[in-house]
Amino acid sequence: MVIESFQNEKIKHITKLLTDNRFRKKSGVFVVEGQQENERAQQYHFEAVEFYICESIFKGSTPKEKIHLVSDKVYEKIAYRGSSEGIIGIYKTKESDLNDFKLKVNSTVIIVEGVEKPGNLGAILRSCEAFGIDALIVADGKTDFYNPNVIRSSVGCLFGMEVFHADNNEVYEFLQKNSFNIYTTIMDETSKDMFERDFTKRSAVLFGTEHSGLSDFWYGKGQNTLIPMTGSIDSLNLSNAVAITCYEALRQKKS
């Protein structure tokens with residue numbers, strides 16, 4: 001049986017999961033659209049609840065879990081990216097605790113404080129996963145990791161990353177307890193180029209919002225570190241700055 005009505009209760013449920021952060025958190029499930037993203041969710045052992053497939057679009061292998069077929073018009077309504085790829089999965093969220101993070105001698109973590117834009121967070125996740133960052137921590141964050149735009153812009157990289165939410169105090173206590181070199185991205189007279197910092201040891205790099213940078217909480221709590229630039233502009237897009245830093249950490253570890 002193919003679901004053809006927008007008024008179907010299951011379609012209403014998906015729509016609310018996509019648009020209502022509170023409802024998504026309360027439900028304990030989230031939406032994954034696209035073949036690659038669904039494959040990555042299953043590869044990293046996220047528990048699938050059910051799938052919605054539009055047969056005229058979907059070209060992949062049919063999942064084994066509970067499947068609902070939907071019409072083209074219904075799929076277009078519930079798909080975040082319109083008519084792309086023909087598959088939407090519903091998965092259970094995972095709880096994570098910063099204290100459960102399995103540290104290595106040379107663990108590198110990226111910390112973003114107060115990040116608000118889901119697209120930015122997704123792009124940051126993509127760079128962290130690509131360059132082997134051990135964890136992404138969102139401090140005092142305002143964005144949900146399971147926001148559909150985070151999953152889309154990370155191309156499913158969220159699923160293969162260690163990700164944590166914590167407040168500033170919890171993050172700082174964790175870094176001190178585990179002897180991290182703390183590198184803050186605050187511009188002042190004590191700042192050194194990123195290339196002068198040592199990422200071969202346990203390191204944490206902190207980034208603030210594009211609008212105001214790191215909050216006063218982090219002043220004096222780390223070594224100020226900047227990306228050297230030669231142009232007239234004095235700052236970069238947050239996700240670009242994180243990507244450059246992630247690559248430098250990888251470069252040093254491979255040297």
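None of the values given here were measured: they were computed from a predicted structure.

Definitions and cut-offs
Residues numbered from 1 in each chain as written. Predicted model: local features only at pLDDT ≥ 70, side-chain atom pairs only at ≥ 80, totals over all residues. Heavy atoms only, no water. pLDDT = per-residue confidence, 0-100. Helix = DSSP H or I, 4+ residues; strand = E, 2+ residues; numbered from the N terminus. Pairing = 2+ DSSP bridges. Core = buried A, V, L, I, M, F, W, Y, C linked by side-chain atoms within 4.5 Å. Buried < 20%, exposed > 50% of the residue type's maximum accessible area, 1.4 Å probe, protein only. Contact = heavy atoms within 4.5 Å.

Focus on the confidence of the model for the protein
Then step 1. Per-residue confidence for the protein gives a mean pLDDT of 93; residues scoring 70 or more make up 99%.
Then step 2. Within the protein, no element has a lower average pLDDT than strand β10 (residues 192-193), which sits at 92, and none a higher one than strand β6 (residues 108-113), at 98.

Some details on the pairing of strand β12 (residues 223-226)
Then step 1. When strand β9 (residues 181-184) meets β12, the two strands line up parallel, connected through 2 bridges. From the neighbouring strand, Y183 faces β12, where its bridge partner is Q223.
Then step 2. The sheet contact formed by β10 and β12 spans 2 bridges and is parallel. The partner of D193 across the bridge, within β12, is L226.

Here we look at the sheet that holds β12
Then step 1. In space, the 7 strands of this open sheet follow the order β8-β7-β6-β11-β9-β12-β10, with parallel pairing throughout. Edge strands, defined here as strands with exactly one partner in the open sheet, are β8 (163-166) and β10.

Side note on the nonpolar core
Then step 1. Ranked by internal contacts, the top residues of the largest apolar core, which has 39 residues, are I110, L125, C128 and L136.
Then step 2. Once residues lying within four places of it in the same chain are set aside, the contact partners of L136 are I110, V112, L121, I124, L125, C128, F145, M161, E162, V163 and F164.
Then step 3. Grouped together as the second largest cluster of nonpolar side chains are 20 residues, F101, V109, I186 and L206 included.

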